[in-house]
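Close look at the chain arrangement
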Amino acid sequence: MALVVICGQPCSGKSTAALCLAEALKESDSNSTIRIIDEASFHLDRNQSYANMTAEKNLRGVLRSEVDRSVSKDSIIIVDSLNSIKGYRYELWCLARAAGIRYSVLFCDVKETQCKKWNEQRREKCEATYDDPIFEDLARRFERPDRRNRWDSPLFELSPYKDNIQKSSAAIVDAVSYLTKKVDSKTRDVKILHPTIATQSTRFSEANSLYELDRATQEVTNVIVEAQSQSIGIPLNGIPLGQGLPTLNMSRSVGLPELRRLRRTFIKLTGQTSLSGPPPPSDAESAKRMFVDYLNRELGTT
């Protein structure tokens, strides 16, 4: 249904804002599943995660992959992290566009000097803090969101230093209204992102077939990602996918971006075939079997 990107300087109140927004959404009339994705979800230490560019890039990759797996038309995902680089916010916006959902940015607008004071206060309380060199580096590289950019719009701005962050804060109230408002043909103030031709997989005529194909291939992808996460990068052979389904054999570890590309290519190929031949499978088991056979040809040991 929606993807919300929390953005701000280190120690600017982002996690508090994310919690308040989640609580306000749960109290609204929305029936969507609300979930916060943050570094703490993966037990990542903030200083280690931002110790160098490689570690920071890995962190962004972990969060981005989790967002990619989680976004859907019946959930609201809140990304609670620095999200300080506009290029990264653009990547998250692209994930929302590919999923065909709403997107917004909630910005905690606090001056660097105040954030630094809050960081020191947390250190005195023995709470999680940023080391001074890391804090200064992150603050220096922060790229303020600009509502003129599509990946920063709509932009809801909080002022945690001037006003306490509460569920009743104007920015949170406005964000909840935007995220939960029912949309019809006359709605003009809520934007639902639409996939481009490159990311769309609506090539066939039967809506039920598209639904089953999309769901089945995503379930297979999730099984592969989970199996690889437990194998710690060791190539897997013989991944079971269920009774009556072929076993998946891979000669090497495969990252989520490549799996997404293979899944997208398979859906396109299946759709193109359906234009001149029989329709694509209309049941999940047949779709899974076809997708696994395709993956075994592309990734198999033979």
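Our subject in this report is the structure included herewith. What you are looking at is a predicted structure, and each value in this text was computed from that prediction instead of being measured.

**Digging into the packing of helix α3 (residues 53-70) against helix α4 (residues 86-99)**
Relative orientation of the contacting elements α3 and α4 amounts to 15°, with a least axis distance of 10 Å. By the criterion of interaxial angle, the relationship of α3 to α4 is roughly parallel. For α3 against α4, the interelement crossing comes out right-handed. Each of Arg-60, Leu-63, Arg-64, Val-67 and Asp-68 in α3 lies in contact with α4, whose residues at this interface are Tyr-88, Glu-91, Leu-92 and Leu-95. Of the residues contributing to the contact of α3 with α4, the split by class is five nonpolar, no polar and four charged.

**A word on the pattern of salt bridges**
In total, this model carries 18 salt bridges according to the counting rule given. We note a salt bridge from Glu-136 to Lys-116, for which the minimum N-O separation is 3.6 Å. Of this pair, Glu-136 sits in helix α6 (residues 132-141) while Lys-116 sits in helix α5 (residues 112-124); the two residues are 20 residues apart in sequence, bridging distant segments of the chain. What you see here is one network of salt bridges that share partners, running through Glu-56, Arg-60, Asp-137, Arg-140 and Arg-141.

**Observations regarding the side chain of Lys-14**
For Lys-14, the location among the structural elements is in helix α1 (residues 14-27). Buried charge Lys-14 goes without a salt bridge, the closest partner of opposite sign being Asp-80 at 5.9 Å. Apart from the residues lying within four places of it in its own chain, the contact partners of Lys-14 are Ile-6, Cys-7, Gly-8, Gln-9, Asp-80, Ser-81, Leu-82 and Cys-108.

**Some details on the packing of α5 against α6**
The description of two helices packed together rests on the angle between their axes and the distance between the axes. α6 packs onto α5 with a crossing angle of 155° between their chain directions and a minimal axis gap of 11 Å. Between α5 and α6, the angle falls in the class roughly antiparallel. Between α5 and α6 the crossing geometry is right-handed. Facing α5, whose interface residues are Glu-112, Cys-115, Lys-116, Asn-119 and Arg-123, α6 presents Asp-132, Phe-135, Glu-136 and Ala-139. Tallied by class, residues from the contact of α5 with α6 come to three nonpolar, one polar and five charged.

**Comments concerning the environment of Lys-181**
Secondary-structure assignment places Lys-181 in the loop between α7 (170-180) and α8 (207-231). Classification of Lys-181 by relative accessible area gives partly exposed; the value is 33%. Taking the C-alpha atoms as reference points, Lys-181 and Asp-29, 152 residues apart in sequence, are found 9.4 Å from one another. The contact partners of Lys-181, leaving out residues within four places of it in the chain, are Arg-102, Asp-189 and Val-190.

What counts and how
- Residues numbered from 1 in each chain as written.
- Predicted model: local features only at pLDDT ≥ 70, side-chain atom pairs only at ≥ 80, totals over all residues.
- Heavy atoms only, no water.
- Axes fitted to C-alpha atoms, helices over the stretch in contact; angles between N-to-C directions.
- Helix = DSSP H or I, 4+ residues; strand = E, 2+ residues; numbered from the N terminus.
- Parallel < 35°, antiparallel > 145°, perpendicular 65-115°, else oblique.
- Left-handed = near helix turned anticlockwise from the far one by under 90°.
- Contact = heavy atoms within 4.5 Å.
- Nonpolar A, V, L, I, M, F, W, Y, C, P; charged D, E, K, R; others polar.
- Salt bridge = Lys/Arg side-chain N within 4 Å of Asp/Glu carboxyl O.
- Buried < 20%, exposed > 50% of the residue type's maximum accessible area, 1.4 Å probe, protein only.
- Lys, Arg positive; Asp, Glu negative; His and termini not counted.

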